[in-house]
Amino acid sequence: MKLVATGFFLAATVIFVVALLFEEGGPAWVGYVRAAAEAGMVGAIADWFAVTALFRRPLGLPIPHTAIIPTRKDTFGDALGSFVGQNFLSEAVVKDKLRRVGVGRRLGEWLVKPENAERVTSEVANVVKGAVTVLRDEDVQAIVEQAVVRRLVDRPWGPPLGTLLGQVLADGAHHKLVDLMCDRAYDWVRDNYDKVMGVVSDRAPSWSPRFVDSMLGDKVYTELLNFAWAVKTDVNHPMRQAVDQFLVEFASDLRTDPATMQRAEQVKQQVVDHPDVQRLIGSAWGTAKKMLLDAAEDPSSELRRRVREGLVSFGARLVGDEAMRAKVDGWLEGAAGYVVTHYRDEITTLITDTVERWDAEETSRKIELQVGRDLQFIRINGTVVGALAGLAIYTVGQLVT
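Residues numbered from 1 in each chain as written. Predicted model: local features only at pLDDT ≥ 70, side-chain atom pairs only at ≥ 80, totals over all residues. Heavy atoms only, no water.

**What to know about the overall build of the protein chain**
- If you tally the helices and strands in the protein chain, you get 19 helices and zero strands.
- Radius of gyration (C-alpha) of the protein chain: 47 Å, far over the 21 Å computed for a compact globule of 401 residues.
- Between the mean site of the 47 positive side-chain charges and the mean site of the 53 negative ones, the protein chain shows a separation of 3 Å. (Helix = DSSP H or I, 4+ residues; strand = E, 2+ residues; numbered from the N terminus. Rg over C-alpha atoms; globule rule 2.2 N^0.38 Å. Lys, Arg positive; Asp, Glu negative; His and termini not counted. Charge placed at Lys NZ, Arg CZ, Asp CG, Glu CD.)

**Focus on the packing of aromatic side chains**
- Going through the model one piece at a time under the given rule, you end up with five aromatic pairs.
- Consider the rings of Y32 and Y394, whose centres lie 5.0 Å apart with planes at 85 degrees: the pair is edge-to-face. You can see Y32 sitting in helix α2 (residues 29-55) and its partner Y394 sitting in helix α19 (residues 360-400), a full 362 residues away along the chain.
- Note on Y186 and W229: the rings are 5.2 Å apart at their centroids and 55 degrees apart in plane angle, and the pair reads as tilted. Of this pair, Y186 sits in helix α10 (residues 175-191) while W229 is found in helix α12 (residues 210-233), placing the two residues 43 residues apart along the sequence.
- On the basis of relative accessibility, which here comes to 43%, the residue W229 falls in the partly exposed class. (Phe/Tyr/Trp six-rings, centres within 6.5 Å; stacked < 30°, edge-to-face > 60°. Buried < 20%, exposed > 50% of the residue type's maximum accessible area, 1.4 Å probe, protein only.)

**A closer look at the nonpolar core**
- Core analysis: the largest hydrophobic core is formed by six residues, namely Y186, V189, V196, Y221, L225 and A228.
- Only α10 and α12 provide two or more residues apiece to this core.
- With five residues, the next largest nonpolar core counts L89, V94, A336 and V340 among its residues. (Core = buried A, V, L, I, M, F, W, Y, C linked by side-chain atoms within 4.5 Å.)

**Quick look at the side chain of T383**
- Of note, T383 is situated in helix α19.
- Classification of T383 by relative accessible area gives buried; the value is 5%.

**Here we look at the packing of α10 against helix α13 (residues 238-256)**
- At a minimum axis distance of 12 Å, the contact between α10 and α13 shows a crossing angle of 130 degrees. With respect to α13, the element α10 is oriented oblique. Seen along the crossing, α10 lies across α13 with a hand that is right-handed. Contacts between α10 and α13 involve H175, V178, D179 and C182 from the former and R240, V243 and D244 from the latter.
- A breakdown of the residues in the contact of α10 with α13 according to their chemical character gives three nonpolar, one polar and three charged. (Axes fitted to C-alpha atoms, helices over the stretch in contact; angles between N-to-C directions. Parallel < 35°, antiparallel > 145°, perpendicular 65-115°, else oblique. Left-handed = near helix turned anticlockwise from the far one by under 90°. Contact = heavy atoms within 4.5 Å. Nonpolar A, V, L, I, M, F, W, Y, C, P; charged D, E, K, R; others polar.)

**As for the pattern of salt bridges**
- This structure, assessed with the given rule, holds 15 salt bridges.
- Residue D191 is joined to R190 by a salt bridge in which the shortest nitrogen-to-oxygen separation is 3.1 Å.
- The exposure class of R190 is partly exposed, given its relative accessible area of 40%. (Salt bridge = Lys/Arg side-chain N within 4 Å of Asp/Glu carboxyl O.)

**Quick word on α10**
- Along its 17 residues, α10 runs 24 Å from first to last C-alpha, staying within 8% of the 24 Å computed at 1.5 Å per residue.
- Within α10, the full set of buried residues consists of V178, C182, Y186 and V189. Taken end-on, α10 shows its buried residues confined to a sector of 70 degrees, consistent with a single buried face. Exposed side of α10, more than 90 degrees from the buried face: K176, L177, R184 and D191 are the residues found there. (Expected span 1.5 Å × (residues − 1). Arc of directions from axis to C-beta.)

**Things to note about the packing of α2 against α19**
- For the pair α2 and α19, the least separation of the axes is 6 Å and the interaxial angle reads 155 degrees. Considering their axes alone, α2 and α19 lie roughly antiparallel with respect to each other. Between α2 and α19 lies a crossing whose hand is right-handed.
- Residues belonging to the contact of α2 with α19 are distributed by class as follows: 16 nonpolar, eleven polar and four charged.

**With respect to the environment of E138**
- In this fold, E138 is placed in helix α8 (residues 137-154).
- Taking relative accessible area as the criterion, E138 reaches 45% and is therefore assigned partly exposed.
- When the C-alpha atoms of E138 and A185 are compared, they prove to be 47 Å apart, with 47 residues separating the residues in sequence.

**Quick notes on the environment of E309**
- Positionally, E309 belongs in helix α17 (residues 302-320).
- The spacing of E309 and A44 is 265 residues in sequence and 69 Å in space, taken between C-alpha atoms.
- Only 2.7 Å separates the side chain of E309 from the side chain of R305, close enough to count as a polar contact. (Polar contact = N/O pair within 3.5 Å; in protein donor to acceptor, adjacent residues only side chain to side chain.)

**Description of the side chain of T260**
- Looking at the secondary structure, you find T260 in helix α14 (residues 258-273).
- For T260, a relative accessible area of 16% puts it in the buried group.

**Structural notes on a nonpolar patch on the surface**
- A cluster of nonpolar side chains, namely V14, V17, V18, L21 and F22, defines an oily patch on the protein surface of about 490 Å² accessible area.
- Using a relative accessible area of 40% as the deciding quantity, one classes V17 as partly exposed. (Patch = residues over 30% accessible without salt bridge, like charges linked within 9 Å, V, L, I, M, F, W, Y side chains within 5 Å. Areas by Shrake-Rupley, 256 points an atom, 1.4 Å probe, with all protein chains shown as cover.)

**Points about the environment of K2**
- On the secondary structure map, K2 appears in helix α1 (residues 2-23).
- Separated by 370 residues in sequence, K2 and G372 place their C-alpha atoms 8.6 Å apart.
- What K2 contacts, discounting residues up to four positions off in sequence, is R56, E368, Q376 and R379.

Here it is in structure tokens:
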């Protein structure tokens, strides 16, 4: 395009020279041609200067206000960053755009497709695998021991356990456990006749006849079996009531009695100091890490299946539940508004810093290659428009004179 624009200038120059040679003594129209060609040359030179001055100094001369892009590159970057920040990263603009786009509905329609939910699940699995692999085992283990286990150990267990036990007793959830204990107690007595007889025989005096021991053993076993059956079948049995009363008092003591709370702390420390518990704490992260990696790598694992189903369900809710969709859209608008309000300068700095790092000459060259074709049309138009203007001026001058 430079060659084409220069060709127009050279054509105007040749026409001017030829017309100038034949104007003296030639026909009147030669003057019009000469004037048009002369003005076309002026227009071509003026627009060549204007276009060239954007990217470099014309003819290498230090003319003021030339080589604008190389010398004012950083200023343009700052202006571009400010323009983007004020007109594209304003809170109102971003929220309005998100509101009109309808991100919630689009996200729901996309997630409700199983293949898309599987794609998101795979990406989440990759993120989990990457994060778990990068973390150092000893660092995570230290965090588990210090931030989790140590906090559990340092806090007294008595009051929380007493409160929890009190709630269980108030809800009656312990009755099934009591039923199970009563059932097992009855089954043990029923199935251990020989042991009961053995206990009676061992406790009997040496002078007692054996048949008396046997009769006494049968009586004890029968009474014990009847007692176990009564406790098992009668939900209002005094024994059951005694157990309930004991549990209520024990829950209250865990919360208020210093001696009971101290015993609970001693039991807690014994449990924590047990070698098996220490080994469990030491291997907790390794076990959790292996479970996470296995679940993340296996597409048919329970974890990935639940994540996938949860995403599909979430997408369906976004499509069908207007309130849910509005809530998600509100979260997105609020998050986007917060980001552009508090981090707009950091975002626009990406533009200004990037432009600042560009080489001035290389930047000028790249911009010229992008828009230079259209700029060369300015030179061509300058030649044509200049010629027409020169012709019009010469014509008016001839008419006036």
